[in-house]
Amino acid sequence: MIQEAWVKAFGASPDAVVRAPGRVNLIGEHTDYNDGFVLPAAIDRAIEFAARRRGDRLVRVHALDFQDQVEFSLDAIQKDQAHPWSNYLRGVFKFLEAEGYRLQGADVVFGGNVPREAGLSSSAAVEVGTVALAMKLFGLHLEPLEVVRIARRAENEFVNVPCGIMDQFVCALGKRDHALFLDCRNLAYRHVPLRGNVKIVVCNSGVRRALASSEYEIRLEQCRQAVAQLRTTGLAVNSLREIDLADLEVASPVLTEVLLKRARHVISENQRVLEAVKVLEDGDLERFGKLMNASHESLRDDYEVSCQELDVLVDLALKQPGVLGARMTGAGFGGCTVNLVRTEAANSFADAVKAGYREVLGREAEVYICEASDGALAGAKIP
Ligand code: GLA
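Now for a quick tour of the structure. Numbering of residues starts from 1 in every chain and runs along the sequence as written. For a predicted model such as this one, the threshold for reporting local features is a pLDDT of at least 70, and the threshold for listing and counting side-chain atom pairs is 80 or more; totals across whole chains, interfaces and linings nevertheless cover every residue. The side-chain numbers reported here are obtained from all heavy atoms of the structure, hydrogens and water having been left aside.

### Focus on the overall build of the protein
(1) Moving on: When you go through the protein residue by residue, the secondary structure sums to eleven helices and eleven strands.
(2) Moving on: Using C-alpha atoms as the atom set, the radius of gyration is obtained and then compared with a globule rule of 2.2 Å times the number of residues to the power 0.38. For 383 residues, the compact-globule formula gives about 21 Å, and the C-alpha radius of gyration of the protein, at 21 Å, lands near that figure.
(3) Moving on: Reported as C-alpha extents along the three principal axes, the dimensions of the protein are approximately 65 × 50 × 40 Å.
(4) Moving on: Taken over 383 residues, the protein has a buried fraction of 57%.
(5) Moving on: For this analysis, residues touch if any pair of their heavy atoms sits within 4.5 Å. Taking all contacts inside the protein whose residues are at least 6 apart in sequence as the whole, residues at least 24 apart take part in 72%.
(6) Moving on: All accessibility values rest on the Shrake-Rupley procedure with a 1.4 Å probe; residue burial counts only the protein chains present in the view. Total accessible area on the protein is roughly 15,700 Å²; 46% of this is exposed by carbon and sulfur atoms.
(7) Moving on: Residues scored as positive are Lys and Arg, those scored as negative are Asp and Glu, and His as well as the terminal groups of each chain are ignored. Just so you know, the charge point we use is NZ for Lys, CZ for Arg, CG for Asp and CD for Glu. Each charge class in the protein can be summarised by its mean position, and for the 45 positive and 53 negative side chains these summaries are 3 Å apart. Each helix is a run of DSSP H or I of at least 4 residues and each strand a run of E of at least 2, with the numbering of both proceeding from the N terminus. Each residue gets one of three labels from its accessible area relative to the maximum for its type: buried under 20%, exposed over 50%, partly exposed in between, using a 1.4 Å probe on protein chains only.

What follows is the structure, given as structure tokens:
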């Protein structure tokens, strides 16, 4: 598919083809930028790239999903307000060059089926995919953590979205039929098998995450403030990762009601992730589902990043047969919910949630029945 699109755009044939998946977070929300724990999975929806080296310093990019194209020189990479989709690639090329990797120009075609602005990390897929493409195209060697770091740098410093490390990490290092358990403080990770007859079902509320970026920054700041306030009590903490709920309770008089709620979410969510990993390894999916439900309540009530549409999707989900757990996933304020559903019930679950959503809110939800899949670097012969 992507090869054909490349041939149509540029003729001849491409030198390199790569694929980078979207992701869904099973549990561990708003913990990554608090040095905490996350448990996402790469999904079987991806962005594909095909490209051919050029002899000069020009990069030409066709975006299949936008029916649009840009070109820029590697010697003058700037943000492009008119083609914002191109900034994810521009940022990656810019920082690869800035960090001393030798690039050449390229003719690139990319596109895929990760829904955009749905909280499934299509942007991380484009960033990680662009690094992987450059590696393949120009024979660069980057350690996996370097790939993740440069992809995230493009998002933080070029696109200017202050995200944590989860999305780029799992997009690069996810593994088929596994979730990825990551400690965001030291980047230690391990793959946890997703056993049993269950599907990861993602329900897209269709609500674009309008508030997501400003509210995200507010949450980031509130977590910093909470840590600063907690330190005034003599607690030697650098992040919310370092304390438990008992410590929080003792120190709580120094926190405002809002900061207390934010901290309580992060601390309890970290505990839930640790338990979730354990029960997943023990094959206790029922308990895993309960932890997902508790995560949603905490995000809704303490962290206050849910919205009516996400809450409706979760409530509908929990009424269906075969559902083990349901929660909002990603930054919040729209986007998707993630549901763990017994395989035999997945199709009827999808139909019932779509019908219910239409009935309650008069809106259409899309539902994707997903499998955990390989990240962009898995098994890739790069270079
Ligand atoms: C977004 C960010 C991630 C993470 C989640 C919330 O997806 O990109 O780094 O913070 O929100 O868990």
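### Section: the pairing of strand β5 (residues 106-112)
(1) Moving on: Burial runs high along β5: six of the seven residues are buried.
(2) Moving on: Paired strands, in this sense, are two strands between which DSSP finds at least two bridges. Bridging between strand β3 (residues 58-63) and β5 involves five bridges; their strand directions are parallel. Bridging from a neighbouring strand, A63 pairs with F110 of β5.

### Digging into the pattern of salt bridges
(1) Moving on: Any carboxyl oxygen of Asp or Glu within 4 Å of a side-chain nitrogen of Lys or Arg constitutes a salt bridge here. Counting across every chain of the model gives 32 salt bridges.
(2) Moving on: For K199, the salt bridge goes to E371, with nearest N and O atoms at 2.6 Å. Note that K199 is positioned in strand β8 (residues 198-204) and E371 in the segment after β11 (366-370), a separation of 172 residues in sequence.
(3) Moving on: For K199, a relative accessible area of 18% corresponds to the buried category.
(4) Moving on: The structure contains a network of salt bridges with shared partners spanning E99, E146, R149, R153 and E157.

### Quick word on helix α11 (residues 346-361)
(1) Moving on: For a helix, the expected span equals 1.5 Å multiplied by the residue count minus one. When the terminal C-alpha atoms of α11 are compared, their 22 Å separation across 16 residues agrees well with the 22 Å that a helix rising 1.5 Å per residue should span.
(2) Moving on: Residues of α11 that are buried include every one of A346, F349, A350, V353, G356 and Y357, and no others. Summarising the axial view, the buried residues of α11 lie within an arc of 140°, below the 170-degree limit, and thus occupy one face. The outward face of α11, more than 90 degrees from its buried face, is lined by the exposed residues N347, D351 and E359.
(3) Moving on: G362 lies just past α11 and shows a positive phi near 65°. By arc we mean the arc of the directions from the helix axis to the C-beta atoms, nothing more.

### A word on the sheet that holds strand β10 (residues 336-342)
(1) Moving on: Across the sheet, four strands lie side by side as β9-β10-β8-β11; this open sheet has antiparallel pairing. Each of the sheet's edge strands pairs with one partner strand only, and the pair in question is β9 (323-329) and β11. Mean inter-strand twist for the sheet, computed between neighbouring axes without regard to direction, equals 20°.
(2) Moving on: Here β9 runs beside β10; their pairing, made up of six bridges, is antiparallel. Within β10, the residue paired with M328 across the bridge is T337.
(3) Moving on: Running at roughly 30° to β9, helix α9 (residues 285-301) makes contact with β8, β9 and β10 of the sheet.
(4) Moving on: Contacts from helix α10 (residues 308-318) reach β8, β9 and β10 within the one sheet, and its direction differs from that of β9 by about 175°. Under this scheme, a helix contributes an axis fitted over its contacting stretch, all axes are lines through C-alpha atoms, and angles between N-to-C directions fall in the 0 to 180 degree range.

### So, the environment of L145
(1) Moving on: Mapped onto the elements, L145 comes out in helix α4 (residues 144-158).
(2) Moving on: Classification of L145 as partly exposed rests on a relative accessible area of 41%.
(3) Moving on: Between the C-alpha atoms of L145 and A46, which are 99 residues apart in sequence, the distance is 20 Å.

### A short note on the site of the ligand
(1) Moving on: Nearness here has a simple test: a residue counts as near a molecule or strand if at least one of its heavy atoms is within 4 Å of that partner. The immediate surroundings of the ligand are formed by R23, E29, H30, D32, Y33, C163, G164, M166, D167, Y216, G330 and A331.
(2) Moving on: With respect to the ligand, the side chain of Y216 contributes an N or O atom lying 2.6 Å from an oxygen atom.
(3) Moving on: When the ligand is considered free in solution it has 310 Å² of accessible area, and contact with the protein chains removes 93% of it.
(4) Moving on: Comparing atom positions with the cavity grids shows the ligand to sit within the largest pocket.
(5) Moving on: Across the shell around the ligand, the residue classes tally to five nonpolar, three polar and four charged. Think of a polar contact as two N or O atoms within 3.5 Å of one another; within protein, one of them needs to be a possible hydrogen donor and the other a possible acceptor, and neighboring residues in sequence only count if both atoms come from side chains. Only protein atoms enter the 1 Å grid used here, on which a cavity is any set of points holding a 1.4 Å probe that cannot leave and a pocket is any open set flanked by protein within 12 Å on both sides along at least five of seven lines; residues with an atom within 4 Å of a point are listed as lining. Put plainly, a molecule is in a cavity or pocket when over half of its atoms are within 2 Å of the grid points there. Polarity classes work like this: nonpolar for Ala, Val, Leu, Ile, Met, Phe, Trp, Tyr, Cys and Pro, charged for Asp, Glu, Lys and Arg, and polar for all others, with Gly in that last group.

### Thoughts on the packing of aromatic side chains
(1) Moving on: Two aromatic rings from Phe, Tyr or Trp, using only the six-membered ring of Trp, form a pair when their centres are within 6.5 Å; if the ring planes differ by under 30 degrees the pair is stacked, by over 60 it is edge-to-face, and anything between is tilted. Here the structure, examined in full by the defined rule, presents eight aromatic pairs.
(2) Moving on: Aromatic ring contacts, followed pair by pair, group F49, F66, W85 and F110 into a single cluster.
(3) Moving on: A cation sits over an aromatic face here: R116 above F66, 4.2 Å from the ring centre.
(4) Moving on: Over the ring of Y303 we find R219, and its NZ or CZ is 5.9 Å from the ring centre. Two conditions define a charge sitting above a ring: the NZ of Lys or the CZ of Arg must be within 6 Å of the ring centre, and it must be within 35 degrees of the ring normal.

### Re the side chain of S306
(1) Moving on: Secondary-structure assignment places S306 in the loop between α9 and α10.
(2) Moving on: The contact partners of S306, leaving out residues within four places of it in the chain, are H296, L299, R300, D311, M328 and F333.

### Brief notes about the packing of helix α8 (residues 257-282) against α9
(1) Moving on: Where α8 contacts α9, the axes come no closer than 10 Å and their chain directions differ by 170°. Between α8 and α9, the interaxial angle falls into the category roughly antiparallel. The segment α8 lies against α9, with K261, H265, S268, E269, R272, E275, A276, V279 and L280 engaging L285, R287, F288, L291, A294, S295, S298, L299 and D301.
(2) Moving on: Among the residues forming the contact of α8 with α9, the class breakdown is eight nonpolar, four polar and six charged. Convention used here: angles under 35 degrees read as roughly parallel, angles over 145 as roughly antiparallel, angles from 65 to 115 as roughly perpendicular, and any remaining angle as oblique.

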